[in-house]
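Coordinates in review
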Amino acid sequence: MIPSVRGTRDILPGEIERWQFVEDVSREVFELYGYAELRTPIIEREELFAKGTGETTDIVQKEMYAFTDKGGERVTLRPEATPSIVRAFVEHSLEQSMPVPKVYLIGPMFRYERPQKGRYRQFHQLDVEVFGVADPSIDGEIIDLAWTLVTRLGIENAEIVINSVGCPACRPRFSEALVEALGDDLSKLCGDCQRRAATNPLRIFDCKVPADQPIIDRLPHTVDFLCEACRAHFDAVQRYLALYGIPSRLSHRLVRGLDYYTRTTFEVLASNVGAQNALLGGGRYDGLVKELGGPDRVGIGFAAGLERLVLALPPAAGRVAGLSQAFVAAIGDRPRDAAFELVREFRLAGIRADIDYEGRSLRAQMKRADRLAAPLVLIIGDDELGRGQVKVKDMRTGDQTDVARSEVLAFVRARATDTAGAGGVGLRP
Ligand code: AMP
């Protein structure tokens, strides 16, 4: 057997219903807020992320699945969606066709990280982005959207943490203060942090080395160094959250692992999914579109990890499985053709129907119907065929009725409507 690649996983029937539930609810919520779906390729030029996500980030330095293709071009599997969406926004001048470009994307991302619970090398994100709105009301909308999503999924005990990382006008002052505050402690930090102090001090907050944490916890806070405009923006964002009654907590270390963030950053954390507890994270990226060669447009968005949302769901959540509504059993050779015909008729009429393919005994067929939990079993033997009838057995009550062949579809339709497994979305009873 050739096993799957480390850090990747199969999502099988039984679990997939929870994924479908998350995807269905997400699409519903995104569309309620006026976001349109977009899909971009999984493969992009490596430089898109070097430039977009940032040369000094862990993602670009350590985690990209980048390679030279047969044509000699440097490409990579996308490690995140924002730079791809920005590229598409610019490449297709989306602001021409959309009054306020508000988009979402659902798909796989790839990062060469150490796999553990809630962390994979191929994982899936729901990504939401808006372009061209500088007003803090959109920060409020985006955080509200994230919170509504988590709430509608039935996820409990989650919390929102927010911060502001300032802008190119005030951040240099903060970076200086950071290095100054570190002083002699800098030599006690890990090699990565020493490198970060020289290239991009803000990234020190991404450090996960346990021994470094007490030193990092004592460092200055970004919010104390905001310029007037950033301060006013952040105050306004918090006012919107208060207006909507959305709880949030200020987290000074929340700088997120990517270079493009300006002003608002936020995450939603869950308490029941283990160490990898960030369900989603995002923020504002006012310089990124221009940085990637587009017009000078601001942007804001977030990405949620599907694996982690699925982990955080209540146990009973899931799309109700598309179980069989009717099972058709045949006794003998001639009735088999009639049974296949009937199954096909049901399916084309929108009734989920199944059959046994191997021409086995009635007993074996009833067993399969039972495993499929089909509430109705239709039996056709030579007798029924001769009389132009079908025997319908209601497995819930044990009742049997002979129904004229021409009436069978209407009969089953009337009884199938009240069966479980109507393909709906919701919490299982
Ligand atoms: P990021 O793009 O790093 O801000 O991550 C946004 C969200 O994607 C996180 O909050 C996680 O839910 C999810 N995520 C990021 N990396 C992984 C991973 N390696 N495995 C699973 N989920 C991930």
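Residue positions are counted from 1 within each chain, in the order its sequence is given. Totals for whole chains, interfaces and linings use all residues, but because this is a predicted model, local features are given only for residues with pLDDT of at least 70 and pairs of side-chain atoms are given and counted only at 80 or more. Note that the side-chain values use all heavy atoms of the structure and ignore hydrogens as well as water.

Details of the overall build of the protein chain
The secondary structure content of the protein chain amounts to 16 helices and 16 strands. Only C-alpha atoms enter the radius of gyration, while the globule expectation follows 2.2 Å times N to the 0.38, with N the number of residues. Here the C-alpha atoms of the protein chain give a radius of gyration of 28 Å, more than 25% beyond the 22 Å that 2.2 N^0.38 yields for 429 residues. In terms of overall dimensions, the protein chain has a C-alpha envelope of 95 × 50 × 45 Å along the principal axes. Counting the 429 residues in the protein chain, one finds 52% classified as buried. Within the protein chain, counting contacts between residues at least 6 apart in sequence, those at least 24 apart form 69% of the total. Numbering of helices and strands runs from the N terminus; a helix is a DSSP stretch of H or I covering at least four residues, while a strand is a stretch of E covering at least two. Under the scheme applied here, a residue whose accessible area is under 20% of the maximum for its type counts as buried, over 50% as exposed, and between as partly exposed, the area being computed with a 1.4 Å probe on protein chains only. Should any heavy atoms of two residues lie within 4.5 Å, those residues are counted as being in contact.

Overview of unusual backbone geometry
Working note: non-glycine residues mostly have negative phi, and peptide bonds are mostly trans. With a phi close to 60 degrees, Asn157 is a non-glycine residue in the positive phi region. Mapped onto the elements, Asn157 comes out in the loop between α6 (136-152) and β7 (159-164). Take Asn157: its relative accessible area is 63%, and that puts it in the exposed class.

Regarding the environment of Val100
Here Val100 shows up in the loop between α5 (94-97) and β5 (102-110). A residue is classified by how much of its surface remains accessible, and Val100, at 40% relative accessible area, is partly exposed. For the pair Val100 and Val130, spaced 30 residues apart in sequence, the C-alpha to C-alpha distance is 7.4 Å. Residues within four places of Val100 in sequence aside, it is in contact with Val130, Phe131 and Val133.

With respect to the side chain of Glu384
Relative to the assigned elements, Glu384 resides in helix α15 (residues 382-387). Glu384 sits in the buried class, given a relative accessible area of 7%. Apart from the residues lying within four places of it in its own chain, the contact partners of Glu384 are Ile379, Gln389, Val390 and Lys391.

A look at the sheet that holds strand β2 (residues 43-45)
Being paired, for any two strands, means DSSP has found at least two bridges between them. In space, the three strands of this open sheet follow the order β2-β4-β3, with antiparallel pairing throughout. Of all the strands in the sheet, the pair left with one neighbour each is β2 and β3 (65-68). Put simply, the sheet's adjacent strands are angled 35 degrees from each other on average, direction ignored. Here β3 runs beside strand β4 (residues 74-77); their pairing, made up of four bridges, is antiparallel. Looking at β4, one finds that Thr68 is bridged to Arg74. As a rule, the C-alpha atoms of each element are fitted with a line to give its axis, helices using only the stretch in contact, and angles between N-to-C directions run from 0 to 180 degrees.

Observations concerning helix α14 (residues 362-371)
Restricting attention to buried positions, one finds in α14 the residues Ala364, Gln365, Met366 and Ala369. Elements in contact with the buried residues of α14: β12 (326-330), β14 (376-380) and β15 (389-394). Of the residues one or two after α14, Ala373 is the one with positive phi, at around 55 degrees.

Some details on the pairing of β4
As defined by bridge partners, β2 adjoins β4 across three bridges and the pair is classed as antiparallel. Bridged to Glu44 within β4 is Thr76. Hairpin geometry of β3 and β4 is characterised by an intervening segment of five residues between the two adjacent antiparallel strands and by a positive phi of about 85 degrees at Gly72.

Examining the pattern of salt bridges
Within this document, salt bridges are pairs made up of a side-chain nitrogen of Lys or Arg and a carboxyl oxygen of Asp or Glu, the two lying within 4 Å of each other. Counted by the stated rule, this structure contains 35 salt bridges. The partner of Glu37 in a salt bridge is Arg27, and the shortest N-O contact between them spans 2.4 Å. Here Glu37, found in strand β1 (residues 36-37), pairs with Arg27, found in helix α1 (residues 16-32); they are 10 residues apart in sequence, far enough to count as distant. Classification of Arg27 by relative accessible area gives partly exposed; the value is 25%. Notably, a salt bridge pairs Glu46 with Arg74, separated by 2.9 Å at the nearest N-O pair. With Glu46 in helix α2 (residues 46-52) and Arg74 in strand β4, the pair connects residues that are 28 residues apart, well separated along the chain. Taking the relative accessible area as the measure of exposure, Glu46 reaches 21% and is therefore partly exposed.

Points about the packing of aromatic side chains
Here is the rule: rings of Phe, Tyr and Trp (six-membered ring for Trp) pair when centre to centre is within 6.5 Å. Planes less than 30 degrees apart are stacked, more than 60 are edge-to-face, and the remainder are tilted. Applying the stated rule across the entire model yields 10 aromatic pairs. Ring centres of Phe89 and Phe131 lie 4.2 Å apart, and the angle between their planes is 15 degrees; on these two criteria the pair is classed as stacked. Of this pair, Phe89 sits in helix α4 (residues 82-91) while Phe131 is found in strand β6 (residues 122-131), placing the two residues 42 residues apart along the sequence. On the basis of relative accessible area, Phe131 is assigned to the buried category, the value being 2%. An aromatic cluster is present here, built from Phe89, Phe131, Tyr260, Tyr261 and Tyr285 joined pairwise through their rings. In this analysis the charged atom, NZ for Lys or CZ for Arg, is taken to sit over a ring once it is within 6 Å of the ring centre and within 35 degrees of the ring normal. The ring of Tyr120 has Arg9 lying over it, and the distance from NZ or CZ to the ring centre is 5.4 Å. Directly above the ring of Tyr112 sits Arg121, whose terminal nitrogen or CZ lies 3.8 Å from the centroid.

Some thoughts on the domain arrangement of the protein chain
By the assigned domains, the protein chain splits into domain 1 (16-170 + 226-312) and domain 2 (326-421). The straight-line distance from the C-alpha centre of domain 1 to that of domain 2 is 50 Å. Each domain's extent was defined by an automatic or database domain assignment.

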